[in-house]
Amino acid sequence: EAQVTQNPRYLITVTGKKLTVTCSQNMNHEYMSWYRQDPGLGLRQIYYSMNVEVTDKGDVPEGYKVSRKEKRNFPLILESPSPNQTSLYFCASSHWYGPEYKGHAQFFGPGTRLTVL
Amino acid sequence: ILNVEQSPQSLHVQEGDSTNFTCSFPSSNFYALHWYRWETAKSPEALFVMTLNGDEKKKGRISATLNTKEGYSYLYIKGSQPEDSATYLCASHTTSGTYKYIFGTGTRLKVLA
(Lines give C-alpha, C1' and ligand atoms only; values in the text may rest on other atoms or scores of the structure.)
Protein backbone atom coordinates (compact mmCIF):
# COMPACT_ATOMS: atom_id res chain seq x y z
CA GLU A 1 0.00 0.00 0.00
CA ALA A 2 1.33 3.41 -0.99
CA GLN A 3 1.72 5.49 2.13
CA VAL A 4 3.56 8.07 4.17
CA THR A 5 4.21 7.01 7.75
CA GLN A 6 5.14 9.17 10.71
CA ASN A 7 6.32 8.22 14.18
CA PRO A 8 5.43 8.87 16.87
CA ARG A 9 1.79 9.84 16.34
CA TYR A 10 1.57 11.52 19.72
CA LEU A 11 4.33 12.91 21.90
CA ILE A 12 4.41 14.90 25.11
CA THR A 13 7.85 16.18 26.06
CA VAL A 14 9.53 18.89 28.10
CA THR A 15 11.35 22.02 27.06
CA GLY A 16 14.89 21.41 25.87
CA LYS A 17 14.74 17.65 25.42
CA LYS A 18 15.87 16.81 21.88
CA LEU A 19 13.43 14.80 19.81
CA THR A 20 13.10 13.39 16.31
CA VAL A 21 9.92 12.75 14.38
CA THR A 22 10.45 10.22 11.62
CA CYS A 23 8.82 10.26 8.20
CA SER A 24 9.04 7.52 5.61
CA GLN A 25 7.40 7.01 2.21
CA ASN A 26 7.29 3.94 -0.02
CA MET A 27 6.37 5.62 -3.31
CA ASN A 28 9.90 6.53 -4.46
CA HIS A 29 8.99 10.22 -4.25
CA GLU A 30 11.67 12.83 -4.76
CA TYR A 31 9.96 15.76 -2.96
CA MET A 32 9.33 15.54 0.78
CA SER A 33 8.14 18.23 3.13
CA TRP A 34 7.25 19.01 6.74
CA TYR A 35 4.34 21.22 7.80
CA ARG A 36 2.91 22.40 11.07
CA GLN A 37 -0.76 23.07 11.61
CA ASP A 38 -1.85 25.64 14.18
CA PRO A 39 -5.42 26.89 14.75
CA GLY A 40 -6.28 29.81 12.49
CA LEU A 41 -2.94 29.71 10.68
CA GLY A 42 -3.31 26.89 8.19
CA LEU A 43 -0.55 24.53 7.15
CA ARG A 44 2.85 26.20 7.20
CA GLN A 45 5.85 24.65 5.49
CA ILE A 46 8.86 24.10 7.75
CA TYR A 47 11.40 22.46 5.43
CA TYR A 48 11.32 20.63 2.16
CA SER A 49 13.64 18.40 0.18
CA MET A 50 13.72 17.97 -3.57
CA ASN A 51 15.94 14.90 -3.46
CA VAL A 52 18.61 13.13 -1.44
CA GLU A 53 20.99 15.63 0.20
CA VAL A 54 18.95 18.58 -1.15
CA THR A 55 16.97 20.47 1.49
CA ASP A 56 15.64 24.01 1.75
CA LYS A 57 13.80 26.18 4.23
CA GLY A 58 10.08 26.72 4.12
CA ASP A 59 8.39 29.65 5.82
CA VAL A 60 8.88 28.64 9.46
CA PRO A 61 12.23 26.78 9.77
CA GLU A 62 13.45 28.33 13.05
CA GLY A 63 14.03 25.72 15.74
CA TYR A 64 13.94 22.76 13.36
CA LYS A 65 16.47 20.69 11.46
CA VAL A 66 16.03 18.07 8.76
CA SER A 67 18.17 15.61 6.85
CA ARG A 68 17.67 13.60 3.66
CA LYS A 69 20.25 10.85 3.57
CA GLU A 70 17.96 8.32 1.94
CA LYS A 71 15.21 8.93 -0.58
CA ARG A 72 12.48 7.34 1.52
CA ASN A 73 13.21 9.06 4.86
CA PHE A 74 12.96 12.69 5.95
CA PRO A 75 13.23 13.07 9.74
CA LEU A 76 12.34 16.29 11.54
CA ILE A 77 14.65 17.16 14.44
CA LEU A 78 13.88 19.54 17.29
CA GLU A 79 17.22 20.11 19.02
CA SER A 80 15.77 22.08 21.94
CA PRO A 81 11.98 22.07 21.82
CA SER A 82 10.06 24.98 23.26
CA PRO A 83 6.35 25.36 24.11
CA ASN A 84 5.73 27.41 20.96
CA GLN A 85 6.54 24.28 18.95
CA THR A 86 3.47 22.56 20.35
CA SER A 87 1.55 21.77 17.20
CA LEU A 88 0.22 19.15 14.79
CA TYR A 89 2.94 18.14 12.33
CA PHE A 90 2.45 16.61 8.89
CA CYS A 91 4.97 15.04 6.58
CA ALA A 92 4.14 14.91 2.87
CA SER A 93 5.75 13.58 -0.30
CA SER A 94 5.30 13.80 -4.06
CA HIS A 95 7.15 13.12 -7.27
CA TRP A 96 9.42 15.86 -8.57
CA TYR A 97 10.95 15.50 -12.00
CA GLY A 98 12.09 19.10 -12.38
CA PRO A 99 10.47 22.47 -13.10
CA GLU A 100 9.00 21.35 -16.41
CA TYR A 101 6.78 18.77 -14.68
CA LYS A 102 4.27 20.53 -12.48
CA GLY A 103 1.34 18.26 -11.85
CA HIS A 104 2.25 16.20 -8.79
CA ALA A 105 -0.01 16.25 -5.75
CA GLN A 106 1.36 15.68 -2.29
CA PHE A 107 0.54 12.62 -0.20
CA PHE A 108 0.26 13.38 3.51
CA GLY A 109 1.18 11.26 6.49
CA PRO A 110 -1.23 10.74 9.41
CA GLY A 111 0.18 13.57 11.51
CA THR A 112 2.12 13.82 14.77
CA ARG A 113 0.61 15.74 17.66
CA LEU A 114 3.43 17.23 19.72
CA THR A 115 3.04 18.91 23.10
CA VAL A 116 6.04 20.65 24.65
CA LEU A 117 5.61 21.49 28.34
CA ILE B 1 5.78 35.71 2.74
CA LEU B 2 3.24 35.43 -0.05
CA ASN B 3 -0.37 35.17 1.10
CA VAL B 4 -2.97 32.69 -0.07
CA GLU B 5 -6.48 33.63 0.99
CA GLN B 6 -9.60 31.51 0.98
CA SER B 7 -13.21 32.58 1.34
CA PRO B 8 -15.51 32.02 2.97
CA GLN B 9 -13.89 30.69 6.14
CA SER B 10 -16.86 28.44 6.82
CA LEU B 11 -20.07 27.54 5.11
CA HIS B 12 -23.24 25.62 5.95
CA VAL B 13 -25.39 24.36 3.08
CA GLN B 14 -28.36 22.06 2.77
CA GLU B 15 -28.01 18.65 1.17
CA GLY B 16 -28.54 19.01 -2.57
CA ASP B 17 -27.37 22.63 -2.74
CA SER B 18 -24.50 23.59 -4.99
CA THR B 19 -21.75 25.73 -3.58
CA ASN B 20 -18.41 27.29 -4.44
CA PHE B 21 -15.33 28.62 -2.68
CA THR B 22 -12.59 31.02 -3.70
CA CYS B 23 -8.83 30.79 -3.42
CA SER B 24 -6.77 33.94 -4.10
CA PHE B 25 -3.04 33.69 -4.59
CA PRO B 26 -0.21 35.93 -5.78
CA SER B 27 0.01 35.67 -9.56
CA SER B 28 3.75 36.36 -9.71
CA ASN B 29 6.12 33.37 -9.67
CA PHE B 30 3.15 31.05 -10.14
CA TYR B 31 4.02 27.39 -10.56
CA ALA B 32 0.94 25.34 -9.63
CA LEU B 33 -2.24 25.57 -7.58
CA HIS B 34 -3.33 22.59 -5.47
CA TRP B 35 -6.70 21.80 -3.90
CA TYR B 36 -6.94 19.38 -0.97
CA ARG B 37 -9.84 17.96 0.98
CA TRP B 38 -9.28 17.53 4.71
CA GLU B 39 -11.71 15.58 6.85
CA THR B 40 -11.62 15.87 10.63
CA ALA B 41 -9.09 13.51 12.27
CA LYS B 42 -7.63 12.54 8.89
CA SER B 43 -4.89 13.85 6.63
CA PRO B 44 -5.35 16.20 3.67
CA GLU B 45 -6.05 14.39 0.40
CA ALA B 46 -5.37 15.84 -3.02
CA LEU B 47 -8.29 16.84 -5.22
CA PHE B 48 -6.68 18.76 -8.08
CA VAL B 49 -3.35 20.12 -9.23
CA MET B 50 -3.78 22.97 -11.71
CA THR B 51 -0.97 24.55 -13.68
CA LEU B 52 -2.29 26.36 -16.75
CA ASN B 53 -4.30 29.55 -16.96
CA GLY B 54 -7.86 28.63 -17.86
CA ASP B 55 -7.50 25.07 -16.53
CA GLU B 56 -10.73 23.36 -15.55
CA LYS B 57 -10.67 20.05 -13.73
CA LYS B 58 -13.49 17.79 -12.58
CA LYS B 59 -13.81 14.80 -10.28
CA GLY B 60 -17.36 13.57 -9.89
CA ARG B 61 -19.47 16.43 -8.49
CA ILE B 62 -16.43 18.59 -7.69
CA SER B 63 -14.76 20.86 -10.21
CA ALA B 64 -12.23 23.67 -10.17
CA THR B 65 -11.11 26.52 -12.40
CA LEU B 66 -7.91 28.53 -12.50
CA ASN B 67 -7.06 32.10 -13.48
CA THR B 68 -3.33 32.67 -13.09
CA LYS B 69 -3.36 36.20 -14.55
CA GLU B 70 -5.63 37.57 -11.81
CA GLY B 71 -4.59 35.03 -9.17
CA TYR B 72 -7.72 33.11 -8.25
CA SER B 73 -9.21 29.64 -8.38
CA TYR B 74 -12.77 28.51 -7.73
CA LEU B 75 -13.84 25.14 -6.36
CA TYR B 76 -17.42 24.07 -7.12
CA ILE B 77 -19.45 21.30 -5.53
CA LYS B 78 -22.65 20.35 -7.31
CA GLY B 79 -25.47 18.79 -5.30
CA SER B 80 -23.66 18.76 -1.95
CA GLN B 81 -23.91 15.61 0.16
CA PRO B 82 -23.21 15.18 3.89
CA GLU B 83 -20.05 13.24 3.02
CA ASP B 84 -18.71 16.39 1.34
CA SER B 85 -18.40 17.97 4.78
CA ALA B 86 -14.71 18.76 5.24
CA THR B 87 -12.21 21.59 5.12
CA TYR B 88 -11.08 22.46 1.60
CA LEU B 89 -7.52 23.78 1.34
CA CYS B 90 -5.80 25.43 -1.54
CA ALA B 91 -2.04 25.78 -1.82
CA SER B 92 0.08 27.88 -4.12
CA HIS B 93 3.25 26.19 -5.27
CA THR B 94 5.60 29.04 -6.04
CA THR B 95 8.96 29.41 -7.63
CA SER B 96 11.34 32.28 -7.12
CA GLY B 97 14.53 30.29 -6.74
CA THR B 98 12.71 27.96 -4.35
CA TYR B 99 9.79 25.56 -4.64
CA LYS B 100 7.76 26.27 -1.53
CA TYR B 101 4.11 25.66 -0.83
CA ILE B 102 1.91 28.36 0.69
CA PHE B 103 -1.41 27.09 2.05
CA GLY B 104 -4.57 29.04 2.68
CA THR B 105 -6.40 28.60 5.98
CA GLY B 106 -9.18 26.65 4.29
CA THR B 107 -12.94 26.77 3.84
CA ARG B 108 -14.82 24.59 6.32
CA LEU B 109 -17.93 23.13 4.69
CA LYS B 110 -20.79 21.55 6.61
CA VAL B 111 -23.54 19.90 4.57
CA LEU B 112 -26.76 19.51 6.52
CA ALA B 113 -28.93 16.47 5.81
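Draft legend 1. Just the overall build of chain B, in detail. If you tally the helices and strands in chain B, you get 0 helices and 11 strands. Moving toward the C terminus, one meets the helices and strands of chain B in the order β-β-β-β-β-β-β-β-β-β-β. Relative to the globule expectation of 13 Å for 113 residues, the C-alpha radius of gyration of chain B, 14 Å, shows essentially globular dimensions. A separation of at least 24 residues holds for 53% of the contacts in chain B among residues at least 6 apart in sequence. Accessible surface, chain B: about 5,400 Å² in total, of which carbon and sulfur atoms supply 44%. Of the charged side chains in chain B, 11 are positive and 10 negative, and the gap between their average positions amounts to 4 Å.

Draft legend 2. Seen up close, the state of the cysteines. All names here are of chain B. Scanning the model with the defined rule gives 2 disulfides over all chains in all. Each disulfide pairs two cysteine sulfurs, and for Cys 23 the partner residue is Cys 90, the sulfurs being separated by 2.0 Å. Between Cys 23 and Cys 90, the disulfide has an S-S torsion of 80 degrees and is therefore right-handed. With Cys 23 in strand β3 (residues 19-24) and Cys 90 in strand β9 (residues 86-94), this pair connects stretches of sequence that are 67 residues apart.

Draft legend 3. Inspection of the sheet that holds strand β7 (residues 62-67) of chain B at higher detail. Residue and element names in this part refer to chain B. Reading across the sheet, the 5 strands line up as β1-β3-β8-β7-β6 and stay open at both edges, with antiparallel pairing between neighbours. The sheet terminates laterally at β1 (5-7) and β6 (56-59), the two strands that pair on one side only. For this sheet, the mean inter-axis angle between neighbouring strands, taken without regard to orientation, is 15 degrees. Pairing of β6 with β7 involves 4 bridges; the strand directions are antiparallel. Counterpart to Lys 58 in the pairing with β7 is Ser 63.

Draft legend 4. The arrangement of the pairing of strand β11 (residues 107-112) of chain B in detail. Residue and element names in this part refer to chain B. Judged by which residues are buried, β11 turns out to be one-sided: Thr 107, Leu 109 and Val 111 face inward and are buried, whereas Arg 108, Lys 110 and Leu 112, on the alternate face, are not. Looking at chain direction, strand β2 (residues 10-14) and β11 are connected through 5 bridges and run parallel. What sits directly across from Gln 14, in β11, is Leu 112. Bridge count for β9 against β11 is 3 bridges, and the pairing is antiparallel. Bridge assignment links Ala 86 to a residue of β11, and that residue is Leu 109.

About the thresholds
- Residues numbered from 1 in each chain as written.
- Chains lettered and ligands numbered in written order.
- Predicted model: local features only at pLDDT ≥ 70, side-chain atom pairs only at ≥ 80, totals over all residues.
- Heavy atoms only, no water.
- Helix = DSSP H or I, 4+ residues; strand = E, 2+ residues; numbered from the N terminus.
- Rg over C-alpha atoms; globule rule 2.2 N^0.38 Å.
- Contact = heavy atoms within 4.5 Å.
- Areas by Shrake-Rupley, 256 points an atom, 1.4 Å probe, with all protein chains shown as cover.
- Lys, Arg positive; Asp, Glu negative; His and termini not counted.
- Charge placed at Lys NZ, Arg CZ, Asp CG, Glu CD.
- Disulfide = S-S within 2.5 Å.
- Pairing = 2+ DSSP bridges.
- Axes fitted to C-alpha atoms, helices over the stretch in contact; angles between N-to-C directions.
- Buried < 20%, exposed > 50% of the residue type's maximum accessible area, 1.4 Å probe, protein only.

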